[in-house]
Amino acid sequence: MLMFTVGIADPMMKRRHEIILPELLRREGFEVTVHEPGTPITADGFEIAIYALAEETLLTRGRIFLDWAAIGGGQDGTMRRLWTDMPVVMISFGFPYYLYDAPRVPTYINAWATMDPMQHAVVDLLLGRASWQGKSPVDAFVVPDAHY
């Protein structure tokens with residue numbers, strides 16, 4: 001699988017932490033390639049792509065935008081979308097409104113928190129060891145501060 005991630009954003013410290021999702025999936029037997037921003041993006045050799053986004057809001061940060069430039073790197077990486085070529089899952093560990101910036105992504109999961117236990121829970125759900133419960137309490141297309 002091809003994974004896109006720029007790690008876990010730490011807005012208080014202005015740095016990023018490593019996300020453990022790629023390693024958790026490797027332990028389950030998956031071959032995971034984490035895309036290096038700025039390198040060509042291609043579906044060749046991969047069966048699925050996962051966008052693992054990990055950023056949470058604070059009282060001082062009401063809106064977070066999907067940073068395609070950081071994820072893909074460069075002009076080509078910013079514009080390339082793989083969901084026309086292969087199955088794609090976008091997982092948001094934290095901010096629940098990324099779907100507003102990526103309305104055509106075919107599968108979207110709100111995981112609500114960046115912590116390691118949440119990443120373990122998502123792997124259990126993806127592998128069928130846990131069942132999906134409930135319905136999202138927010139409309140991912142309606143960002144609270146978006147008034148047009």
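Everything below is about the structure printed above this text.
Here is a short report on the structure shown in this document. (Residues numbered from 1 in each chain as written. Predicted model: local features only at pLDDT ≥ 70, side-chain atom pairs only at ≥ 80, totals over all residues. Heavy atoms only, no water.)

**A word on the overall build of the protein**
Looking only at helices and strands, the protein features 4 helices and 7 strands. Put simply, the protein runs from its N terminus to its C terminus through helices and strands in the order β-β-β-α-β-β-α-α-β-β-α. At 15 Å, the protein has a C-alpha radius of gyration in line with the 15 Å of a compact globule built from 148 residues. Across the 148 residues of the protein, 43% fall into the buried class. (Helix = DSSP H or I, 4+ residues; strand = E, 2+ residues; numbered from the N terminus. Rg over C-alpha atoms; globule rule 2.2 N^0.38 Å. Buried < 20%, exposed > 50% of the residue type's maximum accessible area, 1.4 Å probe, protein only.)

**Quick notes on the layout of surface pockets**
Considered as a void within the structure, the largest pocket measures approximately 380 Å³ in volume. Around the largest pocket, the lining comprises 19 residues; the ones closest to its centre are Ile109, Asn110, Trp112, Trp132 and Ser136. Considering only residue class, the lining of the largest pocket consists of 12 nonpolar, 5 polar and 2 charged. (1 Å grid on protein atoms, 1.4 Å probe; cavity = no way out; pocket = protein on both sides within 12 Å on 5 of 7 lines; lining within 4 Å. Points joined across faces, edges and corners; volume = space filled by probe spheres on them. Nonpolar A, V, L, I, M, F, W, Y, C, P; charged D, E, K, R; others polar.)

**A few points about the side chain of Gln119**
For Gln119, the position within the fold is in helix α4 (residues 116-126). At 2.9 Å, the side chain of Gln119 and the backbone nitrogen of Leu21 are in polar contact. Those residues within four positions of Gln119 in sequence are excluded, and the remaining contacts are Ile8, Ile19, Ile20, Leu21, Leu24, Phe93 and Thr114. (Polar contact = N/O pair within 3.5 Å; in protein donor to acceptor, adjacent residues only side chain to side chain. Contact = heavy atoms within 4.5 Å.)

**Observations concerning the pattern of salt bridges**
If you walk through the whole model with that rule in mind, you get 5 salt bridges. We note a salt bridge from Glu23 to Arg26, for which the minimum N-O separation is 3.9 Å. Here Glu23 and its partner Arg26 are both found in helix α1 (residues 21-27), 3 residues apart, which amounts to about one turn of the helix. A salt bridge links Arg80 to Asp85; the nearest nitrogen and oxygen atoms lie 2.8 Å apart. Among the residues examined, Arg80 registers a relative accessible area of 24% and is labelled partly exposed. Each of Glu23, Arg26 and Arg27 takes part in salt bridges that share partners, so that together they form one network. (Salt bridge = Lys/Arg side-chain N within 4 Å of Asp/Glu carboxyl O.)

**Let's talk about a nonpolar patch on the surface**
There is a patch of nonpolar side chains on the surface, built from Phe30, Leu126, Leu127 and Trp132 and spanning about 350 Å² of accessible area. Tracing the backbone through its elements, the reader meets Leu126 in helix α4. (Patch = residues over 30% accessible without salt bridge, like charges linked within 9 Å, V, L, I, M, F, W, Y side chains within 5 Å. Areas by Shrake-Rupley, 256 points an atom, 1.4 Å probe, with all protein chains shown as cover.)

**Let's talk about the environment of Gly72**
By the secondary structure assignment, Gly72 is in helix α2 (residues 68-72). The class of Gly72 is buried, set by a relative accessible area of 1%. Apart from residues lying up to four places away in sequence, Gly72 is in contact with His35, Pro37, Gly38, Thr39, Ile41 and Gly77.

**What to know about the environment of Ser136**
By secondary structure assignment, the location of Ser136 is in the segment after α4. In this structure Ser136 comes out as partly exposed when scored by relative accessible area, which is 36%. Separated by 27 residues in the primary sequence, Ser136 and Ile109 place their C-alpha atoms 9.4 Å from one another. The contact partners of Ser136, leaving out residues within four places of it in the chain, are Asn110 and Trp112.

**Notes on the packing of aromatic side chains**
Under the counting rule described, the total for this entry stands at 6 aromatic pairs. Measuring from centroid to centroid gives 5.8 Å for Tyr51 and Trp68, while their planes differ by 80 degrees, and the two rings are edge-to-face. Separated by 17 residues along the polypeptide, Tyr51 in strand β5 (residues 49-55) and Trp68 in helix α2 bring together distant segments of the chain. A centroid spacing of 5.4 Å and a plane angle of 65 degrees characterise the contact between Phe95 and Tyr97, whose relative ring orientation is edge-to-face. Looking at Tyr97, the relative accessible area reads 11%, which means it is buried. An aromatic cluster is built from Phe4, Tyr51, Trp68 and Trp83, whose rings are joined through pairwise contacts. For the cation-ring pair, Arg81 lies above Trp68, with the distance from its terminal atom to the ring centre recorded as 3.6 Å. (Phe/Tyr/Trp six-rings, centres within 6.5 Å; stacked < 30°, edge-to-face > 60°. Lys NZ or Arg CZ within 6 Å of the ring centre and 35° of its normal.)

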